[in-house]
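Here are the chains, one letter per residue:
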4 protein chains.
Amino acid sequence: MVGNKSGDKYGLILEAAVKVFAENGYHNSQVSKIASEAGVADGTIYLYFQNKKDILISLFREKMGNFIEQVKRELEELSDPVAKLKRLIELHFSHLEADKNLATVIQIQLRQSDPEIRSAITGPLKEYFRLMEEILAEGKASGCFYPDIDVRLARSMIFGTLDEVATCWVLSRRDYRLSDQVEEVFRLLVRGLAVNSKLPSG
Amino acid sequence: MVGNKSGDKYGLILEAAVKVFAENGYHNSQVSKIASEAGVADGTIYLYFQNKKDILISLFREKMGNFIEQVKRELEELSDPVAKLKRLIELHFSHLEADKNLATVIQIQLRQSDPEIRSAITGPLKEYFRLMEEILAEGKASGCFYPDIDVRLARSMIFGTLDEVATCWVLSRRDYRLSDQVEEVFRLLVRGLAVNSKLPSG
Amino acid sequence: MVGNKSGDKYGLILEAAVKVFAENGYHNSQVSKIASEAGVADGTIYLYFQNKKDILISLFREKMGNFIEQVKRELEELSDPVAKLKRLIELHFSHLEADKNLATVIQIQLRQSDPEIRSAITGPLKEYFRLMEEILAEGKASGCFYPDIDVRLARSMIFGTLDEVATCWVLSRRDYRLSDQVEEVFRLLVRGLAVNSKLPSG
Amino acid sequence: MVGNKSGDKYGLILEAAVKVFAENGYHNSQVSKIASEAGVADGTIYLYFQNKKDILISLFREKMGNFIEQVKRELEELSDPVAKLKRLIELHFSHLEADKNLATVIQIQLRQSDPEIRSAITGPLKEYFRLMEEILAEGKASGCFYPDIDVRLARSMIFGTLDEVATCWVLSRRDYRLSDQVEEVFRLLVRGLAVNSKLPSG
DNA sequence: TATGAATGAGATTTCATTCAT
DNA sequence: CATGAATGAAATCTCATTCAT
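Here is a short report on the structure shown in this document. Predicted, not measured: the structure shown is a model, and the values here were computed from it.

1. Description of the overall build of chain A
Item 1. Across its full length, chain A holds nine helices and zero strands.
Item 2. Rg of the C-alpha trace for chain A: 19 Å, near the compact-globule value of 17 Å for 202 residues, within the 12% margin.
Item 3. With the principal axes as the frame, chain A shows a C-alpha extent of 60 × 35 × 30 Å.
Item 4. For chain A, buried positions account for 51% of its 202 residues.
Item 5. Accessible area of chain A: about 9000 Å², with a carbon and sulfur share of 49%.
Item 6. In chain A, which carries 27 positive and 29 negative side-chain charges, the distance between the mean positions of the two groups comes to 2 Å.

2. Things to note about the side chain of serine 156 of chain D
Item 1. Take serine 156 of chain D: it is sitting in helix H8 (residues 151–171).
Item 2. Among all residues touching serine 156 of chain D, those that are not within four sequence positions of it are Thr161, Glu164, Val165 and Cys168 of chain C together with Thr161 of chain D.

3. Quick word on the state of the cysteines
The bond known as a disulfide is covalent and runs between the sulfur atoms of two cysteines.
Item 1. What the rule picks out here adds up to zero disulfides over all chains.
Item 2. Summary of cysteine pairing: cysteine 168 of chain C is not part of a disulfide, and the nearest cysteine sulfur, belonging to cysteine 168 of chain D, is at 19 Å.
Item 3. The exposure class assigned to cysteine 168 of chain C is partly exposed, which follows from its relative accessible area of 23%.

4. Overview of the protein's contact with DNA strand E
Item 1. With respect to spatial proximity, 29 residues lie near DNA strand E, and among them Thr44 and Tyr48 of chain A, Gln30 of chain B together with Thr44 and Tyr48 of chain C are the closest.
Item 2. By atom count, sugar and phosphate contribute 68% of the portion of DNA strand E lying within 4 Å of the protein.
Item 3. Tyrosine 48 of chain C has a polar side-chain atom sitting 2.3 Å from a phosphate oxygen of DNA strand E.
Item 4. Between DNA strand E and the protein, one listed contact pairs a phosphate oxygen with a side-chain N or O atom of tyrosine 46 of chain D at 2.9 Å.
Item 5. The set of elements that each furnish at least two residues to the surface near DNA strand E consists of helix H3 (42–48) of chain A, helix H3 (42–48) of chain B, helix H3 (42–48) of chain C together with helix H3 (42–48) of chain D.
Item 6. Sorting elements by how many residues they give to the surface near DNA strand E places H3 of chain A first, with five residues.
Item 7. Along the lines of polarity and charge, the residues of the surface near DNA strand E split into 12 nonpolar, 12 polar and five charged.

Rules used in this analysis
Residues numbered from 1 in each chain as written. Chains lettered and ligands numbered in written order. Predicted model: local features only at pLDDT ≥ 70, side-chain atom pairs only at ≥ 80, totals over all residues. Heavy atoms only, no water. Helix = DSSP H or I, 4+ residues; strand = E, 2+ residues; numbered from the N terminus. Rg over C-alpha atoms; globule rule 2.2 N^0.38 Å. Buried < 20%, exposed > 50% of the residue type's maximum accessible area, 1.4 Å probe, protein only. Areas by Shrake-Rupley, 256 points an atom, 1.4 Å probe, with all protein chains shown as cover. Lys, Arg positive; Asp, Glu negative; His and termini not counted. Charge placed at Lys NZ, Arg CZ, Asp CG, Glu CD. Contact = heavy atoms within 4.5 Å. Disulfide = S-S within 2.5 Å. Near = heavy atom within 4 Å. Polar contact = N/O pair within 3.5 Å; in protein donor to acceptor, adjacent residues only side chain to side chain. Nonpolar A, V, L, I, M, F, W, Y, C, P; charged D, E, K, R; others polar.

None of this, on its own, says anything about what the molecule does.
Dropping the structure here:
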């Protein structure tokens, strides 16, 4: 159900698309290139996807959906907002690191202007944003985060920071591990948010 | 008055391109659309630019170059790293706010994957990054910023935050003023960086 | 029947190209004109040929290749250099006469300067030249041709003469038969070459 | 009047055109390239020539016209058809050798298909052909050429041979002198034409 | 379901020619 | 006469999508 490979063409095409998009960029990725990478005929693509745009959108929905579900589950098991924040950073980075091509697509290719693509992406992204904002709201409520922070802006800071760090990693030769930066990034962010940031050692 | 000395076709085309790119996205902006927006013939474009890509690149270099020069000048007049940080945020936001179309192009359209575009953009962007990192290094040296912050990561936080806030603003209907957020964003960032962030009462 | 096994788009396009090139000249032959003459879509051309130039080159290689093979085969069956020379003239003229459009393309359109076209043509043409030079060398060795003739120059005379006669024929309204001139041309050439040109009474 | 250089733009443009056509081929020679080579503005070209085609045509008429006049004059001073033939070969080759660019244009670029160009060229070329045919007719009348030769075909042989030899020279790296081949070429041709070709030793 | 040959709209770019100065 | 910036028609080629098999 989750690991889609082997036999089901839908998954095959999606995997191929991740690779091709990552290597060439959305606009330089021909449908035929995806098809041949997936080992199917050009026409077959259209049995599973409405059009090229739909591949990118589905890809995002599928992958991002899974990711958000995971984050949700893991955060539910924690109560401390600060711990949640840290976990979120860990998951964000490890997720991207696990599939570098996917990371490239999400960090670079998805920044498309096409309104249809944007709005299709909005859904899962908003959900992710909501998770972040929940942490922030909890933190404010519990008193461990500054009471004066603007939740939306703080969320922008968190996401913007994670995103920029990830983008740098993708654009670099990726000769360092993204997950090695969790600690540092966490420290930077939590200081700006948590009242008493005697940082949890470790 | 609007910025295009009439008769200066180069500028005219650049202004037109900003508008057309902002409204349609780079890949949906035909050269002929830019030409007619600029009030020139299609072929005239190619008297001033090598090709379509070159329009986008020139546009960025021109605008970003000016912006960075301005930032440099203004920061030189300040000595306090905290004050510099604040000024930088103000300039970043007011710059984007001054030309919403340009902001859209920079925040959305430019995030393409085309290697040629990316590398052309790299130069000015690195310069901007360097400015930020200088502030951070100064802050660490003078003791007003935490000594343990990683300059590169902190720069990612600053830029990522500004960038994300700006993107949200561009993607919203822009029914609020970006510059109204300077104060809040500054507070968020400085707390994560400055040791003694009894924030300058601003 | 005419040479294009229907359904074979490659051949269809080539036949169409011969006609269109002959009627309009290479530079005045739009790809779309060839496509519509061939009864295929413009894009279809590019499934079979890399670009417009490639059509002309393929056309030449295909036709010239076949022709040379035929000449080779037929000459092998003769031993007398003088007889070989005559046969070559016959074949040269009848070949061109069999497809007047092709003749036009070869005599007129192909004499372009485009270096890519030139070098692509060189191969088969050199082969043809080699055949001629072989006849001349044999003739010298067997003593029936003058021992003092320069093989390369004599080949230029043979080819130049055939070529010029053919060009005149193409440029005339073609109201006479090229093959009717075999005898006369042969007589002119052989007298310049063969020692004892009591011409074979033909 | 004849040597046009220095000051008169008409000649300047023509010289430039010879060079540019020779180096790039007619269809790859932009009018602007000719203009800049001639040191005049693009528009100036159109004060002296109707259009691009007219440059090529004028060039041919001018150069070819001069050449034919010269040949005429020189042949008039000779009476022996055989000597005339030899002189013609000498002039043909030395003329081409004197201006290699012009030679290239005449040998290669002029083989255009454009009917307008072709017919414009026809005039001077026919005149040249007529000269050759006159020699042949005289030779037949005086009995020194075979009585059975077809004047038109023999002319094709002469011109075709000279042309092909010249083309080979142009297409080679031109590391040998064309005029060194006069003797050999003459011998080849005269044997095919003259009854008693105990070749004039020299 | 799966194929992949064929389609054809559409985009970029070139360049001969014009014309206001 | 001379200029050269501007024009805009026209041509090549790409590629997402279809559909007969």
